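Structural characterization, general
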Amino acid sequence: MFEARDIHKSFGHVEVLRGVSMTVRRGEVACLLGPSGSGKSTFLRCINHLEKFDAGRMWVDGELVGYRQSGRRLHELHDREIAQRRSRIGMVFQQFNLFPHRTALQNVMEGPVVVKRAKPRELMEEAHQLLRRVGLADKAHHYPSQLSGGQQQRVAIARALAMHPALMLFDEPTSALDPELVGEVLDVMRDLAAGGMTMIVVTHEIGFAREVADVAHFMADGVLVESGLPAEVLGNPQHERTRNFLSKVLA
Amino acid sequence: MAGHAATTEAPAAERDDDLVVVPARHPGRWLAVACIAVLAAMAVHLLVTNSRLQWSVVWQYVFSKPILTGVLRTLELTVIAMVIGVVIGILVAIGRLSPNPVLAKVAWLYSWFFRGTPLLVQLLFWFYLSALLTHVSIGIPFGPEFASASTNSLITPFLAAILGLGLNEGAYMSEIVRSGILAVPRGQAEAGQAIGMTRSEVMRRVVLPQAMRVIIPPTGNETIGMLKYTSLVIVIGYAELLTSASLIYARTFQTIPLLIVAALWYLAITAVLSIAQYYVERHFDRGFQPAAAKSRGSRLLRGERALRPAPEQPTVAMRSVS
Ligand SMILES: Nc1ncnc2c1ncn2[C@@H]1O[C@H](COP(=O)(O)OP(=O)(O)O)[C@@H](O)[C@H]1O
Ligand SMILES: [Mg+2]
């Protein structure tokens, strides 16, 4: 479903990703942990073409990321083709990034209406259903500024789901939330995972990773230091860096 | 105030209900009102008694046909020039922010040139274009022509006015639009891209609607400015409001009353534009106000908030999307 092979990426002279390889099978949940600045966000953004990587190859659903292959040639993608690829990958940001000038319902419908040219009238039913699924049936006509952080993030998840993504990327979805609001967002993500969604989740929520993830990866300084079953990586870390990190997060 | 009284009289907490609240007095305000009233009376006295203002002449001309025609033309010039200005402004602003370096440079040159030369010169330039190019034609560059016309017959005073005012305005609007676009947080564009929008869809659906909040107030300003800049076309002889007035006083020598006629119309139109601006701003502000302030922003609520410790609800409502 998703494969990354030896991904490298530099900003100027600083190499942020130094050969990252990862495989995620259909229906699996991969959690990516690691200290701040280790390159987790950059890696997620590469998957979704928000950043270009310098070397290596990635595939999402059998398609090369960033290129169109014909025979032995790789053609760089144009804006429109990139947009098309992105439409099948959902992304949830740390800062929610809801459209503030649209209601919750309009946020959810925006993707299908603009990108798939769907008729708003025909979408309405599904959009309401998505809001119900994230527990916000009664907030359809609220603007983001009228919602709590946790509610905003759940709308953001519904907005991503409206495009029927094959893969969902989460970049620290609960890091900007007040502690008492974290649970409601994790619950929605747990439901998604149980429903068979393929997910790559960058998170500091160790409990969530242990419970939901099929694989846990620990990243430090642009490389995956340790990968494996969550119980092992998080319960019995082999590397000094992983141990250090976990002791800080759990403290 | 009640709280203050309660803390000074030590055991007064339970007798709180027989305290009387005395509203604050504002002697400064009354003094200001008195001063302004005197000044206003002097101004009105001057306006009414100074016979050189010739109010009868003002009333005679203010709704006369040439003046009304001038008003219509001024409005027409303002609207068309602003529409051209806004469209060009958006295109040039997007050009300047484009990843295409050629486009970015050309857009920069445009705003440099049109902001860097006097509007008066630009108006005269368009009017006298025929001296530079004797005829204009449509066809393949350096190849055959399909249609051709002499510049002299093509460039009417009206067209020269529209070109001069509109192209110049485009340069100023581009800076306003650009600052509006830059005021939208980057995460917004990325959220649009992430659900599969192309660059232009992101611009149209996500960035520009939010940029409008920043763009509208200075654009209202520009429109009001444009209303008066149209009077510059007097140099190319297009009979808008001021030119119409000047044509009359050139004949009758009633200069001051006719300038007052023109000024009254400019003031009236400015008032209407200001009201329109208020409604447009309110439209683009939707979603940006905290819930309570909008739906229940009554005096009662604000009064309540002043006396009690701030309720928790605003902290949630004010958390805007960054
Ligand atoms: N657009 C950028 N330009 C330059 N440096 C960047 C940019 N984005 C991220 N970086 C740098 O790359 C490193 C990794 O960042 P990031 O992927 O955000 O880490 P993480 O998400 O693991 O905290 C950091 O040192 C950060 O400063
Ligand atoms: Mg990050």
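Note that the coordinates shown come from a computational prediction; the quantities given were computed from them, not determined experimentally.

**Some words on the overall build of chain B**
- The helix and strand tally for chain B stands at 16 helices and two strands.
- Taking as baseline every contact in chain B between residues at least 6 positions apart, the subset at least 24 positions apart corresponds to 70%.
- Total accessible area on chain B stands at roughly 19500 Å², and carbon and sulfur atoms take up 69% of it.

**Considerations on the sheet that holds strand S11 (residues 215-220) of chain A**
All names here are of chain A.
- Read from one edge of the open sheet, six strands run S8-S9-S10-S3-S11-S12, paired in mixed fashion. What marks the edges here is a single partner per strand, and that holds for strand S8 (89-92) and strand S12 (223-228). For this sheet, the mean angle separating the axes of adjacent strands, direction not counted, is 15°.
- Pairing geometry for strand S9 (residues 167-171) and strand S10 (residues 198-202), over five bridges, is parallel. Bridged to phenylalanine 170 within S10 is valine 201.
- Docked against the sheet, helix H6 (residues 179-194) engages strand S3 (29-33), S9 and S10, running at close to 145° with respect to S10.

**Let's talk about the confidence of the model for chain B**
Residue and element names in this part refer to chain B.
- Predicted confidence across chain B gives a mean pLDDT of 83, with 84% of residues reaching 70 or more.
- Confidence drops under pLDDT 50 across residues 291-322; counting only partners more than four residues distant or on other chains, this segment forms 35 contacts.
- Both confidence scores are given for the complex: pTM 0.80, ipTM 0.91.

**Remarks on the site of ligand 1**
Residues and elements named next belong to chain A.
- Close to ligand 1 lie Phe11, Val16, Pro35, Ser36, Gly37, Ser38, Gly39, Lys40, Ser41 and Thr42.
- Within the backbone of glycine 37, one N or O atom sits 2.6 Å away from an oxygen atom of ligand 1.
- A distance of 3.2 Å separates an oxygen atom of ligand 1 from a polar backbone atom of serine 38.
- Top element by residues in the shell around ligand 1 is helix H1 (residues 40-47). It accounts for three residues.
- Looking at the shell around ligand 1 residue by residue, the classes come out as three nonpolar, six polar and one charged.

**Concerning the pattern of salt bridges**
- Under the defined criterion, the tally for this structure stands at 22 salt bridges over all chains.
- Where A:Arg154 meets A:Glu184, a salt bridge forms, and the shortest distance between an N and an O atom there is 2.9 Å. Taken together, the residues A:Arg154 in helix H5 (residues 149-161) and A:Glu184 in helix H6 connect sequence positions 30 residues apart.
- Take A:Glu184: its relative accessible area is 23%, and that puts it in the partly exposed class.
- The closest approach of N and O atoms between B:Glu175 and B:Arg178, which form a salt bridge, is 3.3 Å. With B:Glu175 and B:Arg178 both in helix H9 (residues 157-182) and three residues apart, this pair spans about one turn of that helix.
- Among the residues examined, B:Arg178 registers a relative accessible area of 21% and is labelled partly exposed.

**Details of the nonpolar core**
All names here are of chain A.
- Within the largest apolar cluster, 72 residues are counted, with the highest numbers of intra-cluster contacts made by Phe2, Phe43, Ile47 and Met58.
- Beyond its immediate sequence surroundings of up to four residues, isoleucine 47 is in contact with Phe2, Met58, Val60, Val65, Ile89, Leu167, Leu169 and Ile200.
- Counting 51 residues, the second largest nonpolar core, distinct from the first, contains Val155, Phe170, Leu181 and Leu192.

**A look at the interface of chain A and chain B**
- Chain A puts 36 residues into the contact, and the matching count from chain B is 28 residues.
- The junction of chain A with chain B conceals about 2900 Å² of combined surface from both sides, 54% of it contributed by carbon and sulfur atoms.
- By the criterion of area lost to chain B, the three top residues of chain A are A:Pro100, A:His101 and A:Ser145, representing 21% of everything that side buries.
- Seen at the junction of chain A and chain B, the total is three salt bridges.
- Residues A:Glu110 and B:Arg205 are paired through a salt bridge, measuring 2.8 Å at the closest nitrogen-oxygen approach.
- At the boundary of chain A and chain B, one finds eight residue pairs in polar contact (both at pLDDT 80 or more).
- Considering only residue class, the side of chain A that touches chain B consists of 16 nonpolar, eleven polar and nine charged.

**Details of the sheet that holds strand S4 (residues 55-60) of chain A**
Residues and elements named next belong to chain A.
- The four strands lie next to each other as S2-S1-S4-S5, forming an open sheet whose pairing is antiparallel. With one partner strand each, in any of the chains shown, strand S2 (14-24) and strand S5 (63-64) form the two edges of the open sheet.
- Two elements, strand S1 (residues 2-11) and S4, share five bridges in a ladder whose sense is antiparallel. Bridge pairing in S4 places alanine 4 opposite methionine 58.

**Regarding helix H4 (residues 120-133) of chain A**
Residue and element names in this part refer to chain A.
- When the terminal C-alpha atoms of H4 are compared, their 19 Å separation across 14 residues agrees well with the 20 Å that a helix rising 1.5 Å per residue should span.
- Three or more residues of H4 are buried, namely Leu123, Ala127, Leu130 and Leu131.
- Tucked inside the fold, the buried residues of H4 contact helix H3 (104-115) and H5.
- The positive-phi residue at the C-terminal boundary of H4 is glycine 135, with phi of around 80°.

Cut-offs used in this document
- Residues numbered from 1 in each chain as written.
- Chains lettered and ligands numbered in written order.
- Predicted model: local features only at pLDDT ≥ 70, side-chain atom pairs only at ≥ 80, totals over all residues.
- Heavy atoms only, no water.
- Helix = DSSP H or I, 4+ residues; strand = E, 2+ residues; numbered from the N terminus.
- Contact = heavy atoms within 4.5 Å.
- Areas by Shrake-Rupley, 256 points an atom, 1.4 Å probe, with all protein chains shown as cover.
- Pairing = 2+ DSSP bridges.
- Axes fitted to C-alpha atoms, helices over the stretch in contact; angles between N-to-C directions.
- pLDDT = per-residue confidence, 0-100.
- Near = heavy atom within 4 Å.
- Polar contact = N/O pair within 3.5 Å; in protein donor to acceptor, adjacent residues only side chain to side chain.
- Nonpolar A, V, L, I, M, F, W, Y, C, P; charged D, E, K, R; others polar.
- Salt bridge = Lys/Arg side-chain N within 4 Å of Asp/Glu carboxyl O.
- Buried < 20%, exposed > 50% of the residue type's maximum accessible area, 1.4 Å probe, protein only.
- Core = buried A, V, L, I, M, F, W, Y, C linked by side-chain atoms within 4.5 Å.
- Buried area = accessible area lost by both parts, 1.4 Å probe.
- Expected span 1.5 Å × (residues − 1).

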